[in-house]
Amino acid sequence: MSSLISLNRFSSVLTNSVSILSQRLDTEVKGTPVILYNNETFEANALADIRVDDWKEYEVLNQKGKPVASQTVVDKDNKPHLIFDANVPSTGAAVYSIQPTKNIFRPIKPDIHHDLENTVYRLTVNAQGDVTSIVDKRNGKELVARGKALGLVVFDDCESYAWPAWEIQKKTIDKEPVGIKDNVKIQRIENGTLRKSLRIEKTYGDSKFVQYIRLYEGAQADRIDFSNEVDWHSLNALLKMNFPLNIDNDKATYDLGLGSIQRGNNTNTAFEVYAHEWTDLTDRSGDYGITIMNDSKYGWDKPGNNTLRLSLLYSPKANRGYTYQERQDFGHHEFTFTLTGHIGQLNKSTAVQQSKLLNSPLKAFWSPKHKGNLGHEYSFVSCDNPNVTVQALKKA
């Protein structure tokens, strides 16, 4: 409850702060003004998302009055949203113009589809909804290990009697995990100019999973998002995302928030390790690597040179006074992890910026029209060195 109260108060602080800033911005634009706010201390090139009232297609103009790519989409509550390419200065805001066109938006009829493709990737899933192939079209690189698949898996022997709330024993993850393959339903639900999506449903016992795999064009073309909605009701179970990659290295790089660390494969004393917003596995040749980002999950293990596994939900087998913890993760969960390939060595500053945009996306606010002395965009602080991040800004 305290977390919800804090989030609500921080949301109010942000909204009020942007409202004060917006009064100084020039919002006299062609259509309805929308203010985009970038919380990060680097220029953000990303997709913006805002709720709209009409089931129409829209014209979007940036802060310079130039048209940008946009797409009307539908959220899980069947409400229309508008996503569009945006560029917003560091720790600042920009004024965009949104205007409905005469074209009516009609969502595509969901159809059975096992592949997605954009300008960067070609992706294929199998009948179980697991990803069997991702080809980086920039160099023809296959990202998935031969004969393997990226997908959700369950470890079903999770005994932990001493510290069940947080302890994962090595014998649990040394066992072969169980694939999730019951009641699978695969549909393509989006095939637009900016976003293409598969919706994959499946079950494991009493637990239900919906995973959206999304490819983008424009600013996020090098991202593959896996957005998950899970109703978790499985006892004695550990849910992980398994990433068997066509990469060979006994060392992976893990984000620590203010730095990073390299760690090796699982050992008897280091087998469930921490990373903050991203983890990277780059081939020992240095030719190619894959960065995996997340928005709320921090436990990893690495059973071999080509595999990373991200811990998602955990309901341990406990005893005595800890039996209530056997249902500790029961309920509804929503979380996203993202995969991006990079040609050549890991660029840590790029990984940091990409993960920040996943965790702190652009915020969009409707605004009335008025004049303002700050123009159509404003930045509070910037840094011309990508290897430096500004962590705090305090008025003297």
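Every value quoted in this text rests on a predicted model; they were computed, and no experiment measured them.

Thresholds, definitions, all that
Residues numbered from 1 in each chain as written. Predicted model: local features only at pLDDT ≥ 70, side-chain atom pairs only at ≥ 80, totals over all residues. Heavy atoms only, no water. Buried < 20%, exposed > 50% of the residue type's maximum accessible area, 1.4 Å probe, protein only. Helix = DSSP H or I, 4+ residues; strand = E, 2+ residues; numbered from the N terminus. Pairing = 2+ DSSP bridges. Salt bridge = Lys/Arg side-chain N within 4 Å of Asp/Glu carboxyl O. Phe/Tyr/Trp six-rings, centres within 6.5 Å; stacked < 30°, edge-to-face > 60°. Contact = heavy atoms within 4.5 Å.

### Remarks on the pairing of strand 25 (residues 307-315)
(1) Moving on: Of all nine residues in strand 25, nine are buried, a share of seventy percent or more.
(2) Moving on: Pairing analysis gives eight bridges linking strand 18 (residues 237-244) to strand 25, with the strands arranged antiparallel. Bridge pairing links P244 to T307 in strand 25.
(3) Moving on: Of the pairings in the sheet, the one linking strand 24 (residues 299-304) to strand 25 comprises three bridges and is antiparallel in character. Opposite W300, over in strand 25, you have L310 as the bridge partner.

### Examining the pattern of salt bridges
(1) Moving on: Counted by the stated rule, this structure contains 18 salt bridges.
(2) Moving on: A salt bridge links D111 to R188, with the shortest nitrogen-to-oxygen separation between them at 2.9 Å. Of this pair, D111 sits in the loop between strand 7 (92-104) and strand 8 (115-117) while R188 sits in strand 14 (residues 182-191), and the two are 77 residues apart along the sequence.
(3) Moving on: What makes R188 buried here is its relative accessible area of 16%.
(4) Moving on: Two residues, D156 and K175, come together in a salt bridge whose shortest N-O distance is 3.8 Å. Of the two residues, D156 is situated in the loop between strand 12 (151-155) and helix 2 (170-174) and K175 in the loop between helix 2 and strand 13 (178-179); the sequence distance between them amounts to 19 residues.
(5) Moving on: Salt bridges sharing partners connect three or more residues here, namely K240, E272, D301 and R309.

### Some words on the packing of aromatic side chains
(1) Moving on: Per the counting criterion, the structure on display carries nine aromatic pairs.
(2) Moving on: Geometrically, the ring pair formed by F84 and Y96 is tilted, given 5.7 Å between the ring centres and 35 degrees between the ring planes. Of this pair, F84 sits in strand 6 (residues 80-88) while Y96 sits in strand 7, and the two are 12 residues apart along the sequence. For the pair F84 and Y96, one class covers both residues: buried.

### With respect to the environment of T124
(1) Moving on: Here T124 shows up in strand 9 (residues 121-125).
(2) Moving on: Along the sequence, T124 and A149 sit 25 residues apart, while their C-alpha atoms lie 9.9 Å from each other.
(3) Moving on: When sequence neighbours within four positions are dropped, the list of residues in contact with T124 reads H114, D115, D130, V131, T132 and S133.

### Points about unusual backbone geometry
(1) Moving on: The phi dihedral of N183 is positive, around 50 degrees, even though this residue is not glycine.
(2) Moving on: One non-glycine residue, R320, lies in positive phi territory at about 50 degrees.
(3) Moving on: Among the secondary structure elements, R320 is positioned in the loop between strand 25 and strand 26 (331-343).
(4) Moving on: Judged by relative accessible area, R320 falls into the exposed class, the value being 68%.

### Regarding the sheet that holds strand 10 (residues 131-136)
(1) Moving on: Pairing is antiparallel in the open sheet, where four strands are placed in the order 8-9-10-11. Single-partner strands in this sheet number two, and they are strand 8 and strand 11 (141-142).
(2) Moving on: Pairing between strand 9 and strand 10: five bridges, direction antiparallel. Paired with R122 across the strands is V135, a residue of strand 10.

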